[in-house]
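Structural description and commentary
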Amino acid sequence: MKPVICLVALLGLVGLLVLGTELIAGDEPPKTPPIPNPTPETPPVPNPAPAGKFVPVTDVHHMMEGQGKLWGEIKDGILDSNWKAAENSAWLLAEVANVNQYQHEAADYKAWAKQMSDQCVELAGTLKKKDAAKSRDLVSKIGNTCSECHNKYK
Ligand code: HEC
């Protein structure tokens, strides 16, 4: 073998070695920054701002026309033993009275509205059980609550 060819072969071998080390070194972690986890472990906190104050869409006058209508349906339902209809109207009246709390700032107004709502929920329960005596007793109590608020605010 001529010395020149020998030298070229040697250089080639050195070259291969260098390239090989480079390739092994290529196993190192990439220099690019890690991609942030797109799904964080804790879900984003929903807007912590409280829901706005409830504002009824009706005025008290129209709300009361509705209360009067439901009140009549309940009494008719008891008279006719139409329990399901009376129960449905009692639930609606309970919710209307619940909303009535937002119609006035005065504490006694809110308390009467709440009391009436609670009494109507109880009435819905006695109507579901078709308990005529207990239902009539509650109707008379609710009637007193209507009067108490009316005496001061109507
Ligand atoms: C927490 C207070 C409150 C309670 C409880 C209440 N009302 Fe009223 N009601 C009012 C006020 C205030 C008015 C006057 C509203 C207006 O006309 O501006 C009124 C008026 C009325 C009117 C007349 C409607 C009108 O304005 O011409 C009817 C009917 C009525 N209420 C039915 C009832 C019935 C039935 C109940 C009980 C089952 C009841 N209300 C309980 C506050 C109340």
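Keep in mind it's a predicted model, so treat the numbers as computed, not measured.

A word on the site of the ligand. With respect to spatial proximity, 19 residues lie near the ligand, and among them His-61, Met-64, Gly-68, Cys-146 and Cys-149 are the closest. Counting only elements with at least two residues in the shell around the ligand, the list comes to α2 (60-79), α4 (107-128) and α5 (132-153). With seven residues, α2 is the single largest residue contributor to the shell around the ligand. For the shell around the ligand, the residue count by class is 11 nonpolar, six polar and two charged.

This part takes up α2. Over its 20 residues, α2 runs 28 Å from end to end, which matches the ideal 28 Å to within 8%, given 1.5 Å per residue. Inspection of α2 places Leu-70, Ile-74, Gly-77 and Ile-78 among the buried residues, and these make up the whole buried set. For α2, the arc enclosing every buried residue in end-on projection is 95°, short of the 170-degree limit, so these residues lie on one face. For α2, the exposed residues lying more than 90 degrees away from the buried face are His-61, His-62, Glu-65, Gly-68, Gly-72 and Leu-79. For α2, the elements touching its buried residues are α3 (83-100) and α5.

Before going further, it helps to spend a moment on the environment of Phe-54. Counting through the fold element by element, Phe-54 comes out in the loop between α1 (3-25) and α2. Sequence spacing of Phe-54 and Tyr-102 is 48 residues, and the spatial spacing of their C-alpha atoms is 7.2 Å.

Taking 1.5 Å as the rise per residue, α5 with 22 residues should run 32 Å; its terminal C-alpha atoms sit 31 Å apart, in good agreement. Among all positions of α5, only Ser-135, Leu-138, Val-139, Ile-142, Thr-145 and Cys-149 are buried. The arc enclosing the buried residues of α5, seen along the axis, measures out at 120°, which places them on a common side. Exposed residues pointing more than 90 degrees away from the buried face of α5 are listed as Ala-133, Ser-140, Asn-144, Ser-147 and Asn-151. On its buried face, α5 is in contact with α2 and α4.

Parameters and conventions
- Residues numbered from 1 in each chain as written.
- Predicted model: local features only at pLDDT ≥ 70, side-chain atom pairs only at ≥ 80, totals over all residues.
- Near = placed C-beta within 6 Å.
- Helix = DSSP H or I, 4+ residues; strand = E, 2+ residues; numbered from the N terminus.
- Nonpolar A, V, L, I, M, F, W, Y, C, P; charged D, E, K, R; others polar.
- Expected span 1.5 Å × (residues − 1).
- Buried ≥ 20, exposed ≤ 12 C-beta atoms within 10 Å, placed from the backbone.
- Arc of directions from axis to C-beta.
- Contact = placed C-beta atoms within 7 Å.

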